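Residue-level structure breakdown
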Amino acid sequence: MNPVIVRNLEIGTGIPKICAPIVGVTKEEIIHEAEKMKHLSVDIAEWRADWFEEVFHIETVKDILKSLRDILGEMPVLFTFRTLKEGGEKSIDREDYMRLIQDAAKTNCVDLVDVEMFFGDEVKDIIEQVHQHGVKVIASNHDFEKTPDVDEMISRLCKMQNLGADLLKIAVMPQCRKDVLNLLTATEEMYRKYAKCPIITMSMSQMGVVSRLCGELSGSAVTFGAAGKASAPGQIGTEKLSEMLLMLHNDL
């Protein structure tokens, strides 16, 4: 497995990197969250643009991305529009989704973009176009209802890899403790047998919290924590998360 270098950050080695979401509704809220994030244990800032009330005004989006770049300095910025069907705040049609991702990549203000694997047949084209601007892609899949079986989760991660993504992400909802163990099993097997690039996996809700902590053992390279408001069930505050990851690292 080859690590991914984003600015001064190496993803895929050592302690899992902490990514924290910015989920402000207004520009003022977004800027406030970014300013606060500079002083926390965060490696990657994810702007969840689907929360923003003016996300379909591209010039406003570009203006905010410039502000985030200025505020966050060398901290990598991940641009994400999470669609309604995968747990996001807004619906979007295919053309607008593609255009928004590409416009964000063209700004020189983002380092990574999230592309949902099941959005459509154009996913491979989106990834290739984003790469032309020197931006890395996290291909993602989110299931807020269940945890697929181990083979299916591995199959989805392999498909993301075959599409040309730089990082592979899957987040699932456990219905029982066995589901959490299945997610960890799929992560370890993917990492050991098939992964050519870093993978990011998590079992959501309080039941799945352990999956956000043990990535260094299972093979998940990034974990998501809350710097303010959480963007998904089960996220831990970044400071507590950082302490726990370091403690586990020191005992491995």
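Refer to the preceding data block for the structure.
Treat the numbers as computed from the prediction; the structure is a model and nothing was measured.

Quick notes on helix α6 (residues 177–194)
With 18 residues, α6 extends 25 Å from end C-alpha to end C-alpha; this agrees with the ideal 26 Å at 1.5 Å per step. Within α6, burial applies to D179, V180, N182, L183, L184, A186, T187, E189 and M190. Looking at the packing, one finds that the buried side of α6 touches α5 (150–162), β8 (167–172), β9 (199–203) and α7 (215–218).

Observations regarding helix α4 (residues 123–131)
One turn of the α-helix equals 3.6 residues, which is why residues spaced by three or four share an orientation. Every buried residue of α4 is listed here: V123, I126, I127 and V130. The buried side chains of α4 occupy one side of the element, clustering within an arc of 100° when seen end-on. Contact partners of the buried residues in α4: α3 (94–105), β6 (112–116) and β7 (136–143).

Digging into the packing of aromatic side chains
A full pass over the atoms with the stated rule returns four aromatic pairs. A ring pair is formed by W47 and F79, whose centres lie 5.7 Å apart and whose planes are at 75°; its orientation type is edge-to-face. With W47 in strand β4 (residues 44–48) and F79 in strand β5 (residues 77–80), this pair connects stretches of sequence that are 32 residues apart. On the basis of relative accessibility, which here comes to 0%, the residue F79 falls in the buried class. Judged by centre distance (6.0 Å) and plane angle (45°), the ring pair of F56 and F81 falls under tilted. Of the two residues, F56 is situated in the loop between β4 and α2 (58–72) and F81 in the loop between β5 and α3; the sequence distance between them amounts to 25 residues. Of the residues examined, F56 reaches a relative accessible area of 46% and is grouped as partly exposed. Residue classification places F81 among the buried positions, given a relative accessible area of 0%. Through pairs of rings, three or more aromatic residues link up here, namely W47, F52 and F79. Its end group placed over the ring of F224, K169 keeps NZ or CZ at 4.3 Å from the ring centre.

As for the layout of surface pockets
There is about 160 Å³ of room inside the largest pocket. Along its surface, the largest pocket is lined by I15, P16, K17, I18, S41, V42, D43, S242, L245 and L246. Of the residues forming the lining of the largest pocket, the biggest block, three residues, is contributed by helix α8 (residues 238–251). A class-by-class count of the residues in the lining of the largest pocket yields six nonpolar, two polar and two charged.

A closer look at the packing of helix α1 (residues 27–37) against α2
The contact between α1 and α2 brings their axes to 10 Å, and the two run at 20°. The angle between α1 and α2 places the two elements in the roughly parallel class. Along this stretch, α1 crosses α2, giving a crossing that reads as right-handed. Each of K27, I30, I31, A34 and E35 in α1 lies in contact with α2, whose residues at this interface are D63, I64, S67, L68, I71 and L72. Looking at the contact of α1 with α2 residue by residue, the class counts come to seven nonpolar, one polar and three charged.

Definitions and limits used
- Residues numbered from 1 in each chain as written.
- Predicted model: local features only at pLDDT ≥ 70, side-chain atom pairs only at ≥ 80, totals over all residues.
- Heavy atoms only, no water.
- Helix = DSSP H or I, 4+ residues; strand = E, 2+ residues; numbered from the N terminus.
- Expected span 1.5 Å × (residues − 1).
- Buried < 20%, exposed > 50% of the residue type's maximum accessible area, 1.4 Å probe, protein only.
- Contact = heavy atoms within 4.5 Å.
- Arc of directions from axis to C-beta.
- Phe/Tyr/Trp six-rings, centres within 6.5 Å; stacked < 30°, edge-to-face > 60°.
- Lys NZ or Arg CZ within 6 Å of the ring centre and 35° of its normal.
- 1 Å grid on protein atoms, 1.4 Å probe; cavity = no way out; pocket = protein on both sides within 12 Å on 5 of 7 lines; lining within 4 Å.
- Points joined across faces, edges and corners; volume = space filled by probe spheres on them.
- Nonpolar A, V, L, I, M, F, W, Y, C, P; charged D, E, K, R; others polar.
- Axes fitted to C-alpha atoms, helices over the stretch in contact; angles between N-to-C directions.
- Parallel < 35°, antiparallel > 145°, perpendicular 65-115°, else oblique.
- Left-handed = near helix turned anticlockwise from the far one by under 90°.

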